[in-house]
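# Structural description and commentary
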Amino acid sequence: MEQTRRQEIRALLCERYWTLDELATRYLLPRRVIVNDLEHIARSVAPRQRLTILAPVCGACGFRFKDRTRFSDPSRCPRCKNEHLGPQRLRIR
Ligand SMILES: [Zn+2]
C-alpha cells in the first residue's frame, strides 16, 4: 500500500519534524524506500507547500549545510570530515 503510506507520511510531516530514521523505524522499511517516498511527496506538495530539510550543524567545526536537497542524512562534514553529524530533520511547511 505504497500510496496509503505516502499519504500517511505526508500527514505526519505536516505535524512536526521527523528524521529519516524515525520514519524508517515506524514503517520497518529500509531508508532508501522512505527516501523514495519523500521524493514523491516533495513533488506532490509543490508548489503550494514545501518539504523542507533542516540540516544538521557540525558539532566539531560549526559547519552548516546550505540548501540541502537530498533526503538521506549527510554522512560526514565536508569541511572537517567529522562523521558524527546529527540527523537532518524534515517537515512540510
Ligand atoms: Zn565539521
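Computed from a prediction, not measured in an experiment: that's the story for all the values here. (Residues numbered from 1 in each chain as written. Predicted model: local features only at pLDDT ≥ 70, side-chain atom pairs only at ≥ 80, totals over all residues. Heavy atoms only, no water.)

### What about the coordination of the zinc ion?
Within the protein, the zinc ion binds to C58 (SG), C61 (SG), C77 (SG) and C80 (SG); these donor distances fall in the range 2.3 to 2.4 Å. What the four donor atoms of the zinc ion show is an angle range of 105 to 112° at the metal, which sorts the shape as tetrahedral. Each donor residue of the zinc ion belongs to the same chain, with the gaps between them written as C-x2-C-x15-C-x2-C. Of this pair, C61 sits in the loop between β2 (51-54) and β3 (89-92) while C80 sits in the loop between β2 and β3; the two residues are 19 residues apart in sequence, bridging distant segments of the chain. Overall, the relative accessible area of 29% leaves C61 in the partly exposed class. Given the relative accessible area of 34%, C80 is considered partly exposed. (Donors = N, O, S within 2.8 Å, 3.2 Å for Na, K, Ca; no water. Tetrahedral: all angles 85-135°; square planar, octahedral: opposite > 155°, others 65-115°. Helix = DSSP H or I, 4+ residues; strand = E, 2+ residues; numbered from the N terminus. Buried < 20%, exposed > 50% of the residue type's maximum accessible area, 1.4 Å probe, protein only.)

### A short note on the side chain of R68
Take R68: it is sitting in the loop between β2 and β3. Buried and unpaired, R68 has no salt bridge, with D73 as the nearest side chain of opposite charge at 6.6 Å. A distance of 2.8 Å separates a polar atom in the side chain of R68 from a polar atom in the side chain of Q88. Residues contacting R68, with those up to four places away along its chain left out, are I53, A55, D73, P74 and Q88. (Lys, Arg positive; Asp, Glu negative; His and termini not counted. Salt bridge = Lys/Arg side-chain N within 4 Å of Asp/Glu carboxyl O. Polar contact = N/O pair within 3.5 Å; in protein donor to acceptor, adjacent residues only side chain to side chain. Contact = heavy atoms within 4.5 Å.)

### Section: the nonpolar core
Counting residues in hydrophobic clusters, the biggest one holds 18 residues, and the most contacted among them are I9, L13, L23, I34, L38 and L51. Mapped onto this core, the elements with two or more residues apiece are α1 (2-15), α2 (20-27), α3 (31-45), β2 and β3. Tallying contributions element by element places α3 first for this core, with five residues. (Core = buried A, V, L, I, M, F, W, Y, C linked by side-chain atoms within 4.5 Å.)

### With respect to the environment of R32
Relative to the helices and strands, R32 resides in helix α3. Each C-alpha atom, one on R32 and one on S72, is 7.9 Å from the other, the two residues being 40 residues apart in sequence.

### Side note on the packing of aromatic side chains
Using the criterion set out here, one finds one aromatic pair in the structure. Considering the side-chain rings of F63 and F65, the 5.2 Å spacing of their centres and the 85° angle between planes classify their relative orientation as edge-to-face. For F65, a relative accessible area of 17% gives the class buried. Across from the ring centre of F65, 5.5 Å away, lies the NZ or CZ of R68, which sits over that ring. (Phe/Tyr/Trp six-rings, centres within 6.5 Å; stacked < 30°, edge-to-face > 60°. Lys NZ or Arg CZ within 6 Å of the ring centre and 35° of its normal.)

These values are about where atoms sit, not about what they do.
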